Number of protein chains: 6
Amino acid sequence: MRLHLSTWQEVEAYLDRSRAILVPIGSTEQHGPNGLLGTDALCPEIIAEHAAKDEDILVGPTLNVGCAQHHLGFAGSMTLRPSTMISVMMDWVASLEQHGFERIYWFNGHGGNVATIEAAFAEVYSKRSFSLSHPNSDLRLRLQNWWRLPSVAEFCAKVFPIGEGSHVTASEVAVTYFAYPEHIKRVEMSPKIAPSGEFRDAEHYRGQFPDGRIGSDPSQASPEIGKQIVEVAAAALAKDFRAFADDI
Amino acid sequence: MRLHLSTWQEVEAYLDRSRAILVPIGSTEQHGPNGLLGTDALCPEIIAEHAAKDEDILVGPTLNVGCAQHHLGFAGSMTLRPSTMISVMMDWVASLEQHGFERIYWFNGHGGNVATIEAAFAEVYSKRSFSLSHPNSDLRLRLQNWWRLPSVAEFCAKVFPIGEGSHVTASEVAVTYFAYPEHIKRVEMSPKIAPSGEFRDAEHYRGQFPDGRIGSDPSQASPEIGKQIVEVAAAALAKDFRAFADDI
Amino acid sequence: MRLHLSTWQEVEAYLDRSRAILVPIGSTEQHGPNGLLGTDALCPEIIAEHAAKDEDILVGPTLNVGCAQHHLGFAGSMTLRPSTMISVMMDWVASLEQHGFERIYWFNGHGGNVATIEAAFAEVYSKRSFSLSHPNSDLRLRLQNWWRLPSVAEFCAKVFPIGEGSHVTASEVAVTYFAYPEHIKRVEMSPKIAPSGEFRDAEHYRGQFPDGRIGSDPSQASPEIGKQIVEVAAAALAKDFRAFADDI
Amino acid sequence: MRLHLSTWQEVEAYLDRSRAILVPIGSTEQHGPNGLLGTDALCPEIIAEHAAKDEDILVGPTLNVGCAQHHLGFAGSMTLRPSTMISVMMDWVASLEQHGFERIYWFNGHGGNVATIEAAFAEVYSKRSFSLSHPNSDLRLRLQNWWRLPSVAEFCAKVFPIGEGSHVTASEVAVTYFAYPEHIKRVEMSPKIAPSGEFRDAEHYRGQFPDGRIGSDPSQASPEIGKQIVEVAAAALAKDFRAFADDI
Amino acid sequence: MRLHLSTWQEVEAYLDRSRAILVPIGSTEQHGPNGLLGTDALCPEIIAEHAAKDEDILVGPTLNVGCAQHHLGFAGSMTLRPSTMISVMMDWVASLEQHGFERIYWFNGHGGNVATIEAAFAEVYSKRSFSLSHPNSDLRLRLQNWWRLPSVAEFCAKVFPIGEGSHVTASEVAVTYFAYPEHIKRVEMSPKIAPSGEFRDAEHYRGQFPDGRIGSDPSQASPEIGKQIVEVAAAALAKDFRAFADDI
Amino acid sequence: MRLHLSTWQEVEAYLDRSRAILVPIGSTEQHGPNGLLGTDALCPEIIAEHAAKDEDILVGPTLNVGCAQHHLGFAGSMTLRPSTMISVMMDWVASLEQHGFERIYWFNGHGGNVATIEAAFAEVYSKRSFSLSHPNSDLRLRLQNWWRLPSVAEFCAKVFPIGEGSHVTASEVAVTYFAYPEHIKRVEMSPKIAPSGEFRDAEHYRGQFPDGRIGSDPSQASPEIGKQIVEVAAAALAKDFRAFADDI
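### What to know about the overall build of chain A
Looking only at helices and strands, chain A features 8 helices and 3 strands. Ordered by position from the N terminus, the helices and strands of chain A form the series α-β-α-α-β-α-β-α-α-α-α. Compactness check: chain A gives a C-alpha radius of gyration of 18 Å against a globular reference of 18 Å for 248 residues, within 12% of the reference. Projected onto its principal axes, the C-alpha positions of chain A cover 60 × 35 × 30 Å. Approximately 8300 Å² of chain A is accessible, and the part contributed by carbon and sulfur atoms is 52%. Between the mean site of the 21 positive side-chain charges and the mean site of the 31 negative ones, chain A shows a separation of 1 Å.

Structure below.
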């Protein structure tokens, strides 16, 4: 059940069944020669929607531009400053909390978001902790990176034993190819496996990783493997979300 | 051409042809008994994607949660504070500007966003105006509400002479039904045409408009009419965007 | 009754009679060759004080620097960034609200303020809407542009059928000439009626409108006509304010 | 020369003669049983306008609501949070600086503003100091409290040897009575001289100083003495401003 | 009793005895040719720890970087913007207040902090004053500059009748020499007594005061005199803190 | 070489040799029944000072209050909101950068700081990345947690094979006991090894971990083992810092 494709009455009925919501959170940033700029927003969205077919999971709007300053050297990449993203997440949480949501599961597609998501959690909790007598609500925030779900990492390692990499991974490109087959790109890349390393700001990143990839050979991606990853991940997600939603 | 479904090289190539980008901007808020919570984000997205089929328009990510505090009395509605939305738009503009975009066309689906979008424009321009010797760039921001495009308002008035209304309009529901036929809802509404009036905060809104509609009878919406509206609007959009993009 | 010329006991007594206050809000920005930099702050102040002679209206301090980044190309113009103006309005409202004011009528003299005033309203209301159980108070904010008062627009169109314009209007100059006859300027302007059009930042504005006027011939302004406008506007204001104050 | 009663061309001409501007800054807060809520904004405005009659001083708009949280226990008092006031002063300075003003003389009427004005100066200077190679401009900010001008303090002590006090001083009330004789109030006060002491927040202030005065007997104020104070202060101001304006 | 060298149980026990805490607040900024960059943070820390040996005073963490933009022309100087320091102090107060502390004594070592500390106090109090019905707590904030403690100023004037100065004072250097004898520097300075005057931003300060000192001859400092100052100041502090802590 | 115990001339001389600085960053928060509230600030400070005895490392001021909202249920704990900490780190970096520092090594003692430190890095880099043509400087920020230094983790695991835990670790308590032997506490704890688990806000933390410890038995800590840890860590730090400082 996707929030933006539901009526408010349907959400109200869902709230009678559950106090938990899933929010896909990603990024809009370069994904090398054959990956889509929206990859990190699309992956959690695709997996969450797949999981929600069989399970009673409410999938909220996707936070589609995240923290990606280091990618700004490549056309089309966009970023929020971390302080802006904290404000955005504060407002989303405040909106959801006043409807009665008490479990907000942030399903993340971008490693560069992790620090700021956790900082935003601490910002939300700080308000509560500053006055310890917070009434009634039992708000809980959880971050889950889709590639860290139990069994997903193993599965990806198995299907891409070489060249999975850490940015523009073969897996994430495969997931998007499964969902958007009309956007599959065939591109020669050289070197076949991109270099690995650290990065700082956008200028530095571009200097280190000229085509945007880190450590990966995403030319291995195919919609068929993408489908398998989505299925493995959706099953793991459903279980993880349910445990979070049902935890008292 | 949708940015999040493109590679950075494709966007780089686009920038050789044009310095203009379209950004759909909407809201996630109740749309009465038969409208979708995502209506205001979906409508500009749907129309923009339709227009981009035939025209060389780069459609950026959708800013999907806007200023909708007055809808928070209905489950699922979400809002940014205006100050947060200004920060978000500042960051999106800064990201796009450094890639060389100089025409940012905000294609809006939500009346409640208008004031804050214009305030954000003034915030962006203030930075430039505080130091009048801004170098090189010729940044221009434009707001267009899809229902205000030339010929669209007339068309909607023609197909819905009664009960178009001002929130949960028959037209906007029709647009989403065209694009998401599997989410068409058949709901009895009473009164058939909702009351009209003003509103303040969420509590007040809910008191005035118990099912969320203002002045409308959205049960008239159909995917067939939605298709016609999308076609009219997409043609008008293509022309308006082109004029903006080509203006020197 | 002007707040800044009253004692706190007089305001306390007023609060026993009414929960409504009028706040003039304007701008400090160029008004062409014969208009005063303070025009947009002075006009609502002049009209409000005129109305308050015969009616029990409490006129608060004037917010005299508003959103006018586009005028910074002309000496003496000043601006707040929209985000600053939102903070200011939040603090003014919080101050007034804790005294028991529940109707704050922002009487505006500057078109460029409208978007930010409305954004500030939404910021104020957001705080209330985020926690729907707001206690006791029935806070209402209202924006009224003096030139949009019923009958004022018609009257101005009648006395200035040509060259009223949209910035440095003949009407607003006339209002200030009535109140400040010692500051009447006689200046030749060329062209007699200024060009019309849109504008972005300060550099662009100055390029489009070299002497600052948009679409107007303010040399028509006279203190006699100003007096008439003030009287028409003050009567309309008194009625509009009373309706707002008395609305339950 | 008052900025808001001048045209932009007149300010431009002034800038050819001088790079200095005076900005009255005050507060809107209770001034006891016979003082006006606007006293602290009116006093610097009155004195500055008096000085500007004979001297070439450009008097900017008055910043009329300052830092007065401690007065919120009395009806009509208003405040900015210090952080808001810093933002406002940043924007006013940025506006004036880009016109070429390099000497901004803040002429203050409220003791409670002093700390925040100085903090705002440090905020402005911090931006410059963070990058030591600031180009071209020689921006200088100066705070002057009107009652601290050379000779003013002595004069006030002479005319009010007893009961000048520190809030609702006999002097400041006299200054406003001179300028606004129609607002002179005759009120019995008890005790004749108010208590002295410290204060914290609004609740505490009201408890300590039930009618708002601190250490003063403002019933001594008269328009005649007010006139004398204004003349002494205006002469001192003209000299002090000139020294600041001419300092290289 | 130093908070950072105590356990939470020890602080809990202290709260049973007292609701008062001392927070040293200083700066990290150049102190001329023979003074330490940490002087202004070290002095209140040294004196407070000395006082706490014999008295039941809880000494909190030292806020060690303050408002020192004007010193940024000298290597090693650091600053917060005033707006940042206000946020920091808001958070420290909120933390302490929720533990039950109601008397926070800010023991300051840097003149440049005074304005911002007072602005921060007003920011804290504003929150309370905006809603006058603040529950239960009796929060009080106090600023004390160590060199302004009763008897300290006289003592310093006696031991350094010439060349005490206003920045890099002989006294403050002596205090640090007493506590950190291994960091005593013997440096020739010329002129022996530094010039006096005002300053604005970092570039201006460096131009006026080439070695960083203002009006002082800190070569007179010795650990022996430092010891005496610390003893005088610690005794005065203990008394002042006790009066604040015990005031009801 | 400790910055706050140096003169500006000494720092200037250091800058001729190196562009790198180490900044200890910690927290002020409960550390169970026998750990000090300052543990997380003291540990990096102690180790850094130890390393700086033999190596040319400039140790800046300690950022001693970090992100610890979850500990506010225990007396004496303090926190910054993450957004405040980002502002603080922005100002510290801006200060250091303008002196010419280009390698800032944040030596951290608190796991709860990690996310916000990384978010602050992204905030700093965002400013650079928004305008890709940043001049001259080669700013690099690095986070190192002392317990993650090569060989330290192994050493701690060896000396405390059981009950090292994750909060109030035996190792961190030992480090402070070595440096502050007069503050060694002997406390009975029950259970001997504290429970493990996750936490959210302060109320939740206190409920899960009644005496503050997580998974640890810090009664094993001794100054002798603390000394060994400090020596191992200081050697590892010296090497790691040197590599960072010398990297081109």
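### Some words on the sheet that holds strand β2 (residues 103-108) of chain A
All names here are of chain A. Strand order in the open sheet formed by 3 strands is β1-β2-β3, with parallel pairing between adjacent strands. Whereas interior strands pair on both sides, the edge strands pair on one side only; in this sheet they are β1 (20-25) and β3 (140-145). For this sheet the average axis-to-axis angle between neighbouring strands, irrespective of direction, equals 20 degrees. For β1 and β2, the ladder comprises 6 bridges, and the chain directions are parallel. By the bridge assignment, Val23 is partnered in β2 with Trp106. Running at roughly 155 degrees to β2, helix α8 (residues 223-246) makes contact with β1, β2 and β3 of the sheet.

### Observations concerning the sheet that holds strand β3 (residues 140-145) of chain B
Paired through their backbone hydrogen bonds, the strands of a sheet run either parallel or antiparallel. Residues and elements named next belong to chain B. Taken together, 3 strands build an open sheet; the order of strands is β1-β2-β3 and the sheet is parallel. What marks the edges here is a single partner per strand, and that holds for β1 (20-25) and β3. Neighbouring strand axes in the sheet, compared pairwise and without regard to direction, differ in orientation by 20 degrees on average. As paired strands, strand β2 (residues 103-108) and β3 are joined by 6 bridges and run parallel to one another. Across the sheet, the residue bridging to Ile104 is Leu141, located in β3. Strands β1, β2 and β3 of the sheet are contacted by helix α4 (residues 114-130), whose axis makes an angle of about 175 degrees with β3.

### Notes on the interface of chain C and chain D
Counting residues at the interface gives 49 residues for chain C and 49 residues for chain D. Regarding the contact of chain C and chain D, the summed buried area is about 4100 Å², with carbon and sulfur atoms giving 61% of it. Looking at the side of chain C facing chain D, the largest losses of area belong to C:Leu5, C:Trp8 and C:Met78, adding up to 18% of the total buried there. For the pair chain C and chain D, the interface holds 4 salt bridges. One salt bridge connects D:Lys185 with C:Glu10, and the closest N-O pair in it is separated by 2.8 Å. Taken together, the connections running from chain C to chain D amount to 25 residue pairs in polar contact (both at pLDDT 80 or more). Secondary-structure elements contributing two or more residues to the side of chain C that touches chain D are α1 (8-17) and α3 (82-99) of chain C. When residues of the side of chain C that touches chain D are assigned to their parent elements, the largest contribution, 9 residues, is made by α3(C). Each residue belonging to the side of chain C that touches chain D can be placed in one class, and the counts come to 21 nonpolar, 21 polar and 7 charged.

### Section: the nonpolar core
Counting 453 residues, the largest nonpolar core has A:Trp106, B:Trp106, C:Trp106, D:Trp106, E:Trp106 and F:Trp106 as its most contacted members. When sequence neighbours within four positions are dropped, the list of residues in contact with A:Trp106 reads A:Val23, A:Ile25, A:Leu63, A:Met89, A:Trp92, A:Val93, A:Phe121, A:Leu141, A:Arg142, A:Leu143 and A:Gln144.

### A few points about the relation of the copies chain C and chain D
Turning chain C through 180 degrees and shifting it by 0.0 Å along the axis lays it on chain D, with an RMSD of 0.0 Å. One copy is carried onto the other by what is essentially a two-fold rotation axis. Minimal C-alpha distance to the rotation axis in chain C is attained by C:Thr84, lying at 3.6 Å. Both copies contact each other with a shared surface, as 100% of the interface residues of chain C are interface residues in chain D too.

### A closer look at the side chain of A:Thr79
The topology assignment puts A:Thr79 in the loop between α2 (39-54) and α3 (82-99). Apart from residues lying up to four places away in sequence, A:Thr79 is in contact with A:Val65, A:Gly66, A:Cys67, A:Ala68, A:Gln69, A:Leu72, B:Asp91, B:Trp92, B:Ser95 and F:Phe130.

### Some words on the pattern of salt bridges
By the definition in use, this model includes 96 salt bridges over all chains. Residues C:Arg140 and C:Asp138 are paired through a salt bridge, measuring 3.1 Å at the closest nitrogen-oxygen approach. For C:Arg140, a relative accessible area of 6% translates into the label buried. Note on C:Asp138: relative accessible area 25%, which makes it partly exposed. The network of salt bridges with common partners includes A:Arg103, A:Asp138, A:Arg140, A:Asp247 and F:Arg200.

### Brief notes about helix α3 (residues 82-99) of chain D
Helix length check: α3(D), at 18 residues, gives a terminal C-alpha distance of 26 Å against a target of 26 Å (1.5 Å per residue), a fit within 8%. With 15 of 18 residues buried, α3(D) lies mostly within the body of the structure.

### Describing helix α1 (residues 8-17) of chain E
The periodicity of an α-helix, 3.6 residues per turn, causes residues three or four positions apart to be oriented the same way. Within the span of α1(E), buried status applies to E:Trp8, E:Val11, E:Tyr14 and E:Leu15. The buried residues of α1(E) occupy an angular sector of 110 degrees when projected down its axis, which confines them to one face. Buried residues belonging to α1(E) abut β1 (20-25), α3 (82-99) and α8 (223-246) of chain E together with α7 (202-208) of chain F.

### Some words on unusual backbone geometry
With an omega of 0 degrees, the peptide bond running from A:Ser190 to A:Pro191 counts as cis. Structurally, the position occupied by A:Pro191 is in the loop between α6 (170-179) and α7 (202-208). With a phi close to 80 degrees, C:Ser151 is a non-glycine residue in the positive phi region. For C:Ser151, the position within the fold is in the loop between β3 (140-145) and α5 (152-159).

### Regarding the confidence of the model for chain A
Should the pLDDT be low somewhere, the predicted coordinates at that spot are not to be read in detail. Averaged over all residues, the pLDDT of chain A equals 96, while 98% of them reach at least 70. In the model output, the complex is listed with pTM 0.98 alongside ipTM 0.97.

### Some remarks on the pairing of strand β1 (residues 20-25) of chain C
Counting buried positions over the 6 residues of β1(C) gives 6, a clear majority of the element. Side chains C:Ala20, C:Leu22 and C:Pro24 of β1(C) all project onto a buried face; the interleaved residues C:Ile21, C:Val23 and C:Ile25 project onto the opposite face, where all are buried too.

### Things to note about the arrangement of the chains
The smallest C-alpha distance separating chain A from chain D is 17 Å, and no contact links them. A gap remains between chain C and chain F, with no contact made and the closest C-alpha atoms lying 18 Å from each other.

### Topic: the packing of aromatic side chains
Scanning the model with the defined rule gives 54 aromatic pairs over all chains in all. On the basis of an interplanar angle of 65 degrees and a centroid distance of 5.0 Å, the ring pair of C:Trp8 and D:Phe74 is categorised as edge-to-face. In this pair, C:Trp8 is assigned in helix α1 and D:Phe74 in the loop between α2 (39-54) and α3, connecting two distinct chains. Considered together, C:Trp8 and D:Phe74 belong to a single accessibility category, that of buried residues.

### Re the state of the cysteines
Residues and elements named next belong to chain C. Overall, the coordinates contain 0 disulfides over all chains when judged by the stated rule. The cysteine Cys43 is free of any disulfide, with Cys156 supplying the nearest cysteine sulfur at 9.8 Å. The class of Cys43 is buried, set by a relative accessible area of 0%.

### Description of the packing of α5(C) against helix α8 (residues 223-246) of chain C
Geometry of a packed helix pair, given as the angle between the helix axes and the separation of the axes. Residues and elements named next belong to chain C. It is at 9 Å that the axes of α5 and α8 come closest, and there the two elements cross at 165 degrees. When the axes of α5 and α8 are compared, the pair comes out roughly antiparallel. In terms of crossing hand, the pair formed by α5 and α8 is right-handed. In contact with Val152, Phe155, Cys156 and Val159 of α5, α8 contributes Ile225, Gln228, Ile229, Val232, Ala233 and Ala236. Class assignment of the residues belonging to the contact of α5 with α8 gives a composition of 9 nonpolar, 1 polar and no charged.

Cut-off values and rules
- Residues numbered from 1 in each chain as written.
- Chains lettered and ligands numbered in written order.
- Predicted model: local features only at pLDDT ≥ 70, side-chain atom pairs only at ≥ 80, totals over all residues.
- Heavy atoms only, no water.
- Helix = DSSP H or I, 4+ residues; strand = E, 2+ residues; numbered from the N terminus.
- Rg over C-alpha atoms; globule rule 2.2 N^0.38 Å.
- Areas by Shrake-Rupley, 256 points an atom, 1.4 Å probe, with all protein chains shown as cover.
- Lys, Arg positive; Asp, Glu negative; His and termini not counted.
- Charge placed at Lys NZ, Arg CZ, Asp CG, Glu CD.
- Pairing = 2+ DSSP bridges.
- Axes fitted to C-alpha atoms, helices over the stretch in contact; angles between N-to-C directions.
- Contact = heavy atoms within 4.5 Å.
- Buried area = accessible area lost by both parts, 1.4 Å probe.
- Salt bridge = Lys/Arg side-chain N within 4 Å of Asp/Glu carboxyl O.
- Polar contact = N/O pair within 3.5 Å; in protein donor to acceptor, adjacent residues only side chain to side chain.
- Nonpolar A, V, L, I, M, F, W, Y, C, P; charged D, E, K, R; others polar.
- Core = buried A, V, L, I, M, F, W, Y, C linked by side-chain atoms within 4.5 Å.
- Buried < 20%, exposed > 50% of the residue type's maximum accessible area, 1.4 Å probe, protein only.
- Least-squares fit on C-alpha atoms with pLDDT ≥ 70 in both.
- Expected span 1.5 Å × (residues − 1).
- Arc of directions from axis to C-beta.
- pLDDT = per-residue confidence, 0-100.
- Phe/Tyr/Trp six-rings, centres within 6.5 Å; stacked < 30°, edge-to-face > 60°.
- Disulfide = S-S within 2.5 Å.
- Parallel < 35°, antiparallel > 145°, perpendicular 65-115°, else oblique.
- Left-handed = near helix turned anticlockwise from the far one by under 90°.

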